[in-house]
Amino acid sequence: MREFIIMTDSCCDMTAKMAADLELEVVPLSLHMGGEEYRNLLDGSEIGFQDFYNRIRSGEEATTSAISVGAFEERMRPILRQGKDILCINFSSALSTTYQSAAIAAEDMRAEFPGARVLVVDSLCASLGQGLLIYLCAQEKKRGATIDEVHAYAEATKGRVCHWFTVDDLNHLKRGGRINAATALFGTMLSIKPVMHVDDTGHLVPVSKARGRKSSLVELVNHMEKTAVDPAHQTVFISHGDCEGDALFVADEIKKRFGTEQIYLNFVGPVIGNHSGPGTVALFFIGSQR
């Protein structure tokens, strides 16, 4: 049985240490800001997470770039030359063309390396939702599962990775076309905070509205209570747009309500954070359905 590597992209928003511990190959998306191009590296070495959010708060704007076919091929080729196979799990195709680039690169690599297995998964996930799916797949690999078994596990599990999030500033969602200008204006005036999720097709969908910040954070946990499978024994991920205190509040609520012990926090990276903005808090867990 050939050894295989799990590859992903930097929209998984894992810490660099976790990605290294799981022996992942992570290909970065890019951010263009202030006339410079930065790779969205998990360690923040080209643009720091707090630096990015401070610049967004000061009014700077940024654009983001998906990963090209060529960039994937450059990272796949050395692995295949070592005689290893690749399982590539990517950012939702509903939010980026990164998955499509990976799929084209995989087809090219299979032609270049006959007999090699290069399998690609559209995670239909974002941020640490994608990270959670990859984390669970890596656990399957550690238990000795084959590339085909982990691929099947990823496909069977991705539709149960629940994404619930709220934002502090509606104007970032307005700029990204997620809500209209009137909704952003009146929501800001009335301190209305949207509660959103990623649906079965990988799109961002508004679900409800909460009055005030604390209520919106509690609402994330309420949604977890409705669908989480055995929440006490799950691994739960929370990502945040430079508002660790609010993420810790959500983590504490989960611990108090469900007794969950394994909760990991990290930043929403700059590629996704450019669209969701500072103050985003996102909760990810496995549910009976999204």
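Residues numbered from 1 in each chain as written. Predicted model: local features only at pLDDT ≥ 70, side-chain atom pairs only at ≥ 80, totals over all residues. Heavy atoms only, no water.

- For the protein chain, the name recorded in an unreviewed UniProt entry is DegV family protein, with Dysosmobacter acutus as its organism.
- Taken from UniProt, the Function (unreviewed entry) comment for the protein chain reads in full: "May bind long-chain fatty acids, such as palmitate, and may play a role in lipid transport or fatty acid metabolism." (UniProt positions renumbered as here; feature names shortened; annotations may be inferred.)

### Looking at the pairing of strand β8 (residues 161–166)
- Within β8, six of the six residues are buried, which leaves the element mostly enclosed by the surrounding structure.
- Alternating residues of β8 divide into V161, H163 and F165 and C162, W164 and T166, and every residue in both groups is buried.
- Of the pairings in the sheet, the one linking β8 to strand β13 (residues 281–286) comprises six bridges and is antiparallel in character. Note that in β13 the partner of H163 across the bridge is F284.
- With three bridges connecting them, β8 and strand β9 (residues 192–198) associate as antiparallel partners. Across the sheet, residue W164 finds its bridge partner in β9, namely H197. (Buried < 20%, exposed > 50% of the residue type's maximum accessible area, 1.4 Å probe, protein only. Helix = DSSP H or I, 4+ residues; strand = E, 2+ residues; numbered from the N terminus. Pairing = 2+ DSSP bridges.)

### Considerations on unusual backbone geometry
- Not every positive phi belongs to a glycine, and E23 is a case in point at roughly 60°.
- For E23, a relative accessible area of 55% corresponds to the exposed category.
- Although it is not a glycine, D242 sits at a positive phi angle of roughly 60°.
- Structurally, the position occupied by D242 is in the loop between β11 (235–240) and α10 (244–258).

### Points about helix α9 (residues 213–227)
- Relative to the 21 Å expected for 15 residues at 1.5 Å per residue, α9 spans 23 Å between its end C-alpha atoms, a close match to the ideal helical length.
- For α9, the complete set of buried residues consists of R213, S216, L217, L220, V221, H223, M224 and T227. The arc that holds the buried residues of α9, viewed along the axis, is 150°, so those residues lie on one side. Exposed side chains of α9 directed beyond 90 degrees from the buried face belong to K214 and K226.
- Buried residues belonging to α9 abut β8, β9, β10 (204–211), β11, α10 and β13. (Expected span 1.5 Å × (residues − 1). Arc of directions from axis to C-beta. Contact = heavy atoms within 4.5 Å.)

### Some remarks on the environment of C137
- Topologically, C137 is positioned in helix α5 (residues 127–142).
- Judged by relative accessible area, C137 falls into the buried class, the value being 0%.
- Separated by 71 residues in the primary sequence, C137 and A66 have C-alpha atoms spaced 23 Å apart.

### Describing the packing of α5 against helix α6 (residues 147–157)
- Between α5 and α6, the least distance of the axes is 10 Å, while the angle of their chain directions is 150°. For the pair α5 and α6, the sense of crossing is right-handed. Contacts between α5 and α6 pair L133, L136, C137, E140 and K141 from the former with V150, Y153, A154 and T157 from the latter.
- A per-class count over the contact of α5 with α6 returns six nonpolar, one polar and two charged. (Axes fitted to C-alpha atoms, helices over the stretch in contact; angles between N-to-C directions. Left-handed = near helix turned anticlockwise from the far one by under 90°. Nonpolar A, V, L, I, M, F, W, Y, C, P; charged D, E, K, R; others polar.)

### Considering empty space enclosed by the protein
- Under the criterion given, the structure shown has one cavity of 30 Å³ or more.
- When its volume is computed, the largest cavity comes out at roughly 30 Å³.
- Lining the largest cavity are S10, D13, M14, N40, L41, L42, F49, N266, F267 and G269.
- Looking at the lining of the largest cavity residue by residue, the class counts come to five nonpolar, four polar and one charged. (1 Å grid on protein atoms, 1.4 Å probe; cavity = no way out; pocket = protein on both sides within 12 Å on 5 of 7 lines; lining within 4 Å. Points joined across faces, edges and corners; volume = space filled by probe spheres on them.)

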